[in-house]
Amino acid sequence: DNSSRFGKWISLDFDDRGRLARAGLRTYLLEKVRLVRQTEGERGFHVFYEALASRQLKNWPSSESESVCVSGSSRGVDGRDDGVLDADSFEERVRALTTLGLDQDGINKAFSTLAAVLHLGAVRFVKEHKGATQDSGSSVDPSTKHRLNQASEALKVDPTALEM
């Protein structure tokens, strides 16, 4: 267990007299790099594969190859070692979010945000030059502008706001 890859949440519950009644430890994966790159034989965050497998979500990439968070992995949708199907895990995740108190609108917003992350990960940029020697920043590569537009649609923001 490489502790730099994980965060830990410690939960302590006390009884009415202030004595420790229960303790718990949860481990969370913290690797941001897994959004855009996976080590050979690994997958990124399961929720991306689950949502792609469900094929139920608006604003999601239409295939694994359109998602940089998933396409860089040699283990795509349903590529788990434990045999669990990603679509089944997606249904379980939605039930868990409901149990936590999210209504359908809240769940839709959460998955729209994840869809935007997938689309933004596919946006490429090109350098712009102001004059012969002055670099004036970058702009969205026209070949990936549609991905920026899809992200803005998922987030319900103007695409130009994402270009700044």
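Let me begin by describing the structure that accompanies this report. Quantities reported herein were computed from a predicted structural model and do not represent experimental measurements.

Criteria and thresholds
- Residues numbered from 1 in each chain as written.
- Predicted model: local features only at pLDDT ≥ 70, side-chain atom pairs only at ≥ 80, totals over all residues.
- Heavy atoms only, no water.
- Core = buried A, V, L, I, M, F, W, Y, C linked by side-chain atoms within 4.5 Å.
- Buried < 20%, exposed > 50% of the residue type's maximum accessible area, 1.4 Å probe, protein only.
- Helix = DSSP H or I, 4+ residues; strand = E, 2+ residues; numbered from the N terminus.
- Contact = heavy atoms within 4.5 Å.
- Phe/Tyr/Trp six-rings, centres within 6.5 Å; stacked < 30°, edge-to-face > 60°.
- Patch = residues over 30% accessible without salt bridge, like charges linked within 9 Å, V, L, I, M, F, W, Y side chains within 5 Å.
- Areas by Shrake-Rupley, 256 points an atom, 1.4 Å probe, with all protein chains shown as cover.
- Salt bridge = Lys/Arg side-chain N within 4 Å of Asp/Glu carboxyl O.

Looking at the nonpolar core
Link 1 in the chain: One finds Val47, Phe48, Ala51, Phe90, Val94, Leu97, Ile107, Phe111 and Leu118 forming the largest nonpolar core, which totals nine residues.
Link 2 in the chain: The set of elements that each furnish at least two residues to this core consists of helix H1 (46-54), helix H3 (86-99) and helix H4 (104-120).
Link 3 in the chain: The residues touching Val47, leaving out its near neighbours within four places in the chain, are Arg93, Phe111 and Leu114.

Quick word on the packing of aromatic side chains
Link 1 in the chain: In this structure the tally under the stated criterion is one aromatic pair.
Link 2 in the chain: Centre to centre, the rings of Phe90 and Phe111 are 5.2 Å apart; their planes meet at 55 degrees, and the pair counts as tilted. With Phe90 in helix H3 and Phe111 in helix H4, the pair connects residues that are 21 residues apart, well separated along the chain.
Link 3 in the chain: For Phe111, a relative accessible area of 4% corresponds to the buried category.

Describing the side chain of Thr144
Link 1 in the chain: As for its placement among the helices and strands, Thr144 is situated in the loop between strand E4 (134-140) and helix H5 (145-155).
Link 2 in the chain: On the accessibility criterion, Thr144 (9% relative accessible area) is buried.
Link 3 in the chain: What Thr144 contacts, discounting residues up to four positions off in sequence, is Ala122, Val123 and Arg124.

Quick word on a nonpolar patch on the surface
Link 1 in the chain: A contiguous nonpolar patch, built from Ile10, Leu12, Phe14, Leu20 and Leu25 and spanning about 550 Å² of accessible area, is present on the exposed surface.
Link 2 in the chain: Those elements that place two or more of their residues in the nonpolar patch are strand E1 (6-14) and strand E2 (20-29).
Link 3 in the chain: The greatest single-element share of the nonpolar patch, amounting to three residues, is contributed by E1.
Link 4 in the chain: Mapped onto the fold, Phe14 is located in strand E1.
Link 5 in the chain: Phe14 sits in the exposed class, given a relative accessible area of 52%.

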